[in-house]
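Topology and contacts: notes
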Amino acid sequence: MDFAQEVKAAADIVSVVGAHVRLKRQSGNRYLGLCPFHTEKTPSFSVHGALQIYKCFGCGKSGDVFSFLMELQGLSFIETLKLLAQQQGKEMPRKGGGPGADAAARTREGLLQVHEFTQRFLVEQLKSRRGAGAMRYLRQRGLGLEEIEEFGLGYAPSGDALMSYLKGKDLRRSHVLESGLVGQSDRDSSVYARFRDRLMFPIHSDGGNLIGYGGRSLEADRQPKYLNSPETPIYRKNAVLYNIHRARTAMRQSNLAVLVEGYMDVIGVWRAGIRNAVATCGTALTSRQISMLRRHCDTVVVNFDSDSAGQAAAERSVEMLLRDGLSVRVLELPSGLDPDEYCREHGGESYRQQLEAAPAYFHWLLDRSRTQFDLSTSDGRTKAFEHLLRSVVLLPDEVQQATTVTDLAQHIGLPQSLALAKLRGAAKPSSRSEAAPVAQADGLSPSERLLVVLLVSEEGARQQFLEKACEIAERGLPSRQILSALRAVEKADGPFRYEAVEGRLDGADRERLARLVFDRDRPTPTLADGEDLLAALQRQALEDQYQDLLRHIGRSGSTADLPKLLDRKLRLERELGLAQ
Ligand SMILES: [Zn+2]
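Residues numbered from 1 in each chain as written. Predicted model: local features only at pLDDT ≥ 70, side-chain atom pairs only at ≥ 80, totals over all residues.

1. Here's the deal with the sheet that holds strand E13 (residues 256–260)
The condition that has to hold: Two strands form a pair only when DSSP identifies at least two bridges running between them. Secondary structure follows DSSP: runs of H or I at least 4 residues long count as helices, runs of E at least 2 residues long count as strands, and numbering of each begins at the N terminus.
Taken together, 5 strands build an open sheet; the order of strands is E12-E14-E13-E15-E16 and the sheet is mixed. Looking at strand neighbours, the two that pair on one side only are strand E12 (241–242) and strand E16 (327–330), the edges of this open sheet. Relative to strand E14 (residues 277–280), E12 runs antiparallel, the two being bridged by 2 bridges. From the neighbouring strand, leucine 241 faces E14, where its bridge partner is threonine 280.

As structure tokens, this is what we get:
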């Protein structure tokens, strides 16, 4: 077994995928979740624990634990191997660069290194005399050493101390320039530090790599108040959520994410014991970020600032979240406090209660509409309802739309029948959801399907039944290509791999096989079923032959062949038990 095979054998695809996608067990070791590679509302992303493969029946992406991480995190094969090896505590064998050490991977590696060194520098600076002002600010905001360390906060001094620090490290100049941490003057192409006299918040990828910074100005009137890393090969601002790598476990456990506006809000609620909060890093919420959330939970509590900008941002974000099928609640804290301030003044327990009591989005919207519409008149009530209806139709599920509408009608004081009629008028025909993996008409008989599944999943079954099954199928059964691919892989050296079987099939058979393996409605065959399934296959083949023969006899004009054909017919009838 080479090193990659060893790492793959030790990795468990269900837990690797499960760290990024919320998976629900279907039956046996088949799991289903929302595809991280395309936007969907109905899960069609399937993971097979025993075969160590995944397949999306929406967008068609499929593969193993390596291709999953490569695709999801934009890593090369070598980087993925390294990552998994590291998690397993294995040392990578050294082999001078290796084939996958391509230019892009080297650049990413280099950029990550620049960030690592920079981080050490910024943390040192915060603890030094130069960082005293930043430290004072943090103390004022109630932060202790514990949070400062947990969140890796640092200080970027004015001047070019960072430049000299980085110069002393073994880093490529091109990587330092590309990191976004320095700028280059147009005039004389001299290099300067991008962040100066700023409190620094390191930003991590989903997987926990340090990929960029948000820097807060420490002078009250200095603009911009927050400066973020520019786009780089490792930092894409529309695909980043602050704190996601720490929050994701808690998000999955509670099936809930708290969406706040700023870095300090995340840290503030963390101090109060809330572990599932994330923040957008100075951008409006993007669909890419929403799909990051959806992989971990169904419900999002939006807790933005109470000022009008914050509320407008909340309303926009909520609409996007609803459209993507998340259930949304909105928390508006009393007396206009932001989450960080609230936790400092009232404590974590009180904030937790606020979170739990946060109203569903429509109730929040309804409360807001009370100030815009006069609900004491029937005209005002109708107008308010129509206003709310615009958001209701964003809900992806018609049942949900109807229950929300009746609920709202009751609160506003509108007849439910009228409300439902208005909903029917306003609702767009919803697009049909993606197909979950259900076996479709594939030409295979039920026992043929089960036999294929059994042979794919059990080595013992392959040893006992594969040869015979191939022999039977070769007489013209629809599964013959799949079975002969199975046999070829079984005979080859090395461990049996599902992907190797796929590799020997054309597109149609590959799809057929994947649907069979992931079909959620079929029973799971066991070794003990093998004999019966094989017998059924045998009978199916004979019946096919018999039908062919009958057609042939019917069409045949010559009488010379007839005795031979009738003789065969009789033999087949005996085998099938049709004749004595
Ligand atoms: Zn997909």
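2. Focus on the packing of helix H17 (residues 378–392) against helix H19 (residues 416–426)
Operational definition: Every axis corresponds to a line fitted to the C-alpha atoms, with the helix fit spanning only the stretch in contact, and the corresponding angles, defined between N-to-C directions, vary from 0 to 180 degrees. Just so you know how the angles are binned, under 35 degrees is roughly parallel, over 145 roughly antiparallel, 65 to 115 roughly perpendicular, and the rest oblique. Left-handed is the label given to a crossing in which the near helix is rotated counterclockwise from the far helix by less than a right angle, and right-handed is the label when the rotation is clockwise. Think of it this way: build a C-beta for each residue from its backbone, and any pair within 7 Å is a contact.
Between H17 and H19, the least distance of the axes is 10 Å, while the angle of their chain directions is 50 degrees. If you check the angle between H17 and H19, you find them oblique. At the point where H17 passes H19, the crossing takes the right-handed sense. In this structure, H17 contributes Phe385, Glu386, Leu389 and Val392 to the contact, and H19 contributes Ala419, Lys422, Leu423 and Ala426.

3. Examining the domain arrangement of the protein chain
The line we're drawing: Domain ranges listed in this record stem from an automatic or a database domain assignment.
Under the domain assignment, the protein chain is made up of domain 1 (3–87), domain 2 (103–235), domain 3 (244–358), domain 4 (365–426) and domain 5 (446–576). Computed from C-alpha atoms alone, the centre-to-centre distance between domain 2 and domain 5 is 63 Å.

4. As for the pairing of E14
Quick reminder of the rule: Exposure in this text rests on C-beta crowding, where 20 or more other C-beta atoms within 10 Å of a residue's own make it buried, 12 or fewer make it exposed, and counts in between make it partly exposed. The C-beta atoms are placed from the backbone. Handedness of a crossover is defined as follows: orient the strands so they point away from the viewer, and if the path from the first strand over the helix to the second runs clockwise, the crossover is right-handed.
Burial of the side chains of E14 extends over both faces: Ala277 and Ala279 are buried on one face and Val278 and Thr280 on the other. Summarising the sheet, E13 and E14 pair through 3 bridges and their orientation is parallel. Paired with leucine 259 across the two strands is valine 278, which belongs to E14. Following the backbone out of E13, through helix H11 (residues 263–271) and into the adjacent parallel E14, one traces a crossover that is right-handed.

5. Some remarks on the pairing of E16
Relative to E16, strand E15 (residues 299–303) is paired through 4 bridges, and the arrangement is parallel. For valine 301, the partnering residue across the bridge sits in E16 and is arginine 329. At this point the chain moves from E15, through helix H13 (residues 308–323), to the parallel E16, and the crossover so formed is right-handed.

6. A look at the sheet that holds strand E4 (residues 53–56)
Taking strand neighbours across the sheet as the criterion, the 5 strands line up as E1-E2-E3-E4-E5 in an open arrangement whose pairing is antiparallel. Each edge of the sheet is formed by a strand with only one pairing partner; in this case those strands are strand E1 (24–27) and strand E5 (62–63). Strand direction decides the pairing type here: strand E3 (residues 45–48) and E4, joined by 4 bridges, are antiparallel. Pairing of valine 47 across the sheet is with tyrosine 54, part of E4. On the sheet, helix H24 (residues 507–518) packs against strand E2 (30–33), E3, E4 and E5 and is oriented at approximately 75 degrees with respect to E3.

7. Overview of unusual backbone geometry
A cis geometry characterises the amide bond from glutamine 223 onward to proline 224, with omega recorded as -10 degrees. Within the secondary structure layout, proline 224 lies in the loop between strand E10 (210–217) and strand E11 (226–228). Residues other than glycine seldom take positive phi values, yet asparagine 243 does so here, at roughly 80 degrees. Classification of asparagine 243 as buried rests on a count of 24 C-beta atoms within 10 Å. Within the chain, serine 335 stands out as a residue other than glycine whose phi angle is a positive 45 degrees.

8. Comments concerning the nonpolar core
We count it as follows: For our purposes the nonpolar core covers buried Ala, Val, Leu, Ile, Met, Phe, Trp, Tyr and Cys residues that link as a set through C-beta atoms within 7 Å.
If you look at the biggest cluster of nonpolar residues, it comprises 88 residues, and the most contacted ones within it are Val266, Val269 and Val278. With 6 residues, H11 is the largest single contributor of residues to this core. Membership of the second largest hydrophobic core comes to 53 residues, among which are Ile13, Ile53, Phe465 and Ala473.

9. Considering H17
Applicable threshold: For a helix, the expected span equals 1.5 Å multiplied by the residue count minus one. In this context, the arc is that of the directions from the helix axis out to the C-beta atoms.
When the terminal C-alpha atoms of H17 are compared, their 20 Å separation across 15 residues agrees well with the 21 Å that a helix rising 1.5 Å per residue should span. Turning to H17, its buried residues are Ala384, Phe385, Leu388 and Val392. Burial along H17 is one-sided: seen end-on, the buried residues are contained in an arc of 100 degrees. Seen from the open side of H17, the exposed residues pointing more than 90 degrees away from its buried face are Asp379, Glu386 and Arg390. Of the surrounding elements, those touching the buried residues of H17 are helix H16 (361–372), helix H18 (398–412) and H19.

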